[in-house]
Amino acid sequence: MALAKLLFFCIIDKKIYVEGVSFLERDSATSLFGKSVVALKNFSSEEIHLVLNTARKMKQIIKLGGDKKLSNLRGKAIVNLFYEPSTRTRTSFELAGKYLGADVVSINSSTSSIVKGESLRDTLRTIEAMGVDAIVMRHKSEGAADFATRAVKSIIINAGDGAHAHPSQALLDLFTIEQHKGRLAGLKVAIIGDILHSRVARSDIYAMTKMGMEVHLAGPKTLLPRFFEFDGVTVHEEIDTAIKNADVINVLRIQLERQQAGLFPSTREYSRVFGINKDKLRLAKEDVLILHPGPQNKGLEISSEVTYCSNSAIKDQVQNGVAVRMALLDLTLNGGTK
Ligand code: NCD
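A quick note: this is a predicted structure, and the numbers were derived from the prediction, not measured.

Spatial ordering of the open sheet is given by E7-E6-E5-E8-E9, a layout of five strands whose pairing is parallel. If you trace the sheet from one side to the other, it starts and ends with strand E7 (233-236) and strand E9 (289-291), each paired once. On average, each strand axis in the sheet is tilted by 20° relative to the strand beside it, whichever way the strands run. Relative to E9, helix H6 (residues 167-181) is tilted by about 160°, and along the sheet it contacts strand E8 (248-251) and E9.

The biggest cluster of nonpolar side chains holds 64 residues, and the ones touching the most others in it are Val51, Ile78, Leu174, Ile177, Ile191 and Leu329. At nine residues, helix H12 (residues 314-334) tops the list of elements feeding residues into this core. The residues that make up this core include at least three from each of domain 1 (30-165 + 319-334) and domain 2 (167-316). Sequence-distant contacts of Val51, that is, excluding residues within four places in its chain, are made with Leu32, Phe43, Leu171, Val324, Ala327, Leu328 and Leu331. Grouped together as the second largest cluster of nonpolar side chains are 25 residues, Leu223, Ile239, Val251 and Val306 included.

Before going further, it helps to examine the site of the ligand. Within the structure, the ligand sits among Arg88, Thr89, Arg138, His166, Gln169, Arg199, Val200, Arg253, Gln255, Pro293, Gly294 and Pro295. Within the side chain of Thr89, a nitrogen or oxygen atom sits 2.9 Å from an oxygen atom of the ligand. Arg253 is positioned with one of its side-chain polar atoms (N or O) 2.7 Å from an oxygen atom of the ligand. When isolated, the ligand has an accessible area of 310 Å², and the protein chains bury 94% of it. Elements represented by at least two residues in the shell around the ligand include exactly helix H3 (88-99) and helix H7 (199-210). For the shell around the ligand, the residue count by class is three nonpolar, five polar and four charged.

Let's shift gears to the side chain of Asn311. By the element assignment, Asn311 lies in the loop between helix H11 (304-307) and H12. Using a relative accessible area of 16% as the deciding quantity, one classes Asn311 as buried. There is a polar contact of 2.7 Å between the side chain of Asn311 and the backbone oxygen of Val288. The residues contacting Asn311, other than those within four sequence positions of it, are Glu286, Asp287, Val288, Leu289 and Ile290.

Quick notes on the rules
- Residues numbered from 1 in each chain as written.
- Predicted model: local features only at pLDDT ≥ 70, side-chain atom pairs only at ≥ 80, totals over all residues.
- Heavy atoms only, no water.
- Pairing = 2+ DSSP bridges.
- Helix = DSSP H or I, 4+ residues; strand = E, 2+ residues; numbered from the N terminus.
- Axes fitted to C-alpha atoms, helices over the stretch in contact; angles between N-to-C directions.
- Contact = heavy atoms within 4.5 Å.
- Core = buried A, V, L, I, M, F, W, Y, C linked by side-chain atoms within 4.5 Å.
- Buried < 20%, exposed > 50% of the residue type's maximum accessible area, 1.4 Å probe, protein only.
- Domains from an automatic or database assignment.
- Near = heavy atom within 4 Å.
- Polar contact = N/O pair within 3.5 Å; in protein donor to acceptor, adjacent residues only side chain to side chain.
- Areas by Shrake-Rupley, 256 points an atom, 1.4 Å probe, with all protein chains shown as cover.
- Nonpolar A, V, L, I, M, F, W, Y, C, P; charged D, E, K, R; others polar.

Rendered as structure tokens:
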């Protein structure tokens, strides 16, 4: 009893120190506890709000700059299983888990038994047998994360499956926009470039339309989806009309690794017509926010000048990635901050 009381006061103390507001409050109706995160298509706007609100609290903790080690996920084990290269996503998931007190191990496909031909199912079951609570997974095939949810009982967090989905990136995009603009609903966002091969675009489109944003897409015709399945989205043949008066421009990387050759005439032509530079920015609102998920092909889809200009929130996206991934891990593995 005495111990419980002591813990209670420690937590209360943390609550006041961290935020000064109801850090302990849980959103009772909406919960992601025990759920896998494969795509945002099935997320409700309440669930998205829950992640963004939790991420805000996590960001406060990171920003305090002191001891970042919480105990929310103490005793939990997380494995990062990445079959594709990654810097930001893998590192931020790893740090997020560690900041929350979990044990985190990262497996790289090139240095694991995967190179010896082990199947995805066997790899997942081997990892699960070691007592793992969550597997954060990136794979080159669409549907791999969904397959994983059926292969094992651990929570699966999709960190990108082929051109299908990248939910944590879209959530950090929303979080970054909300932090800068103070709202989401009613904002005009232009997503520019290789929409066809972009899992970021697909997840952004679902999440942004759900949050009441107006989504405009532009890119070479060969890089736009042929069958368009989303309401609230406008596809433009001309980049100028897409970025005109935009509040946010999200510039996508040209996914050379997923393309067949010949989808646009030349990189020079691409950068001339669709590359985002200072001249093109003039069409957007003066305070337009520039996003790019990274890594960038600088000089191709975006100029250095734009990357480093005062409208750019690209560096913030990287920082916010840790907060959003902490939120996702805390909510799915722990039910939120207790
Ligand atoms: C994105 C990805 O892997 O889909 N990057 C990322 O997660 N930071 C976008 C990309 O690779 O272009």
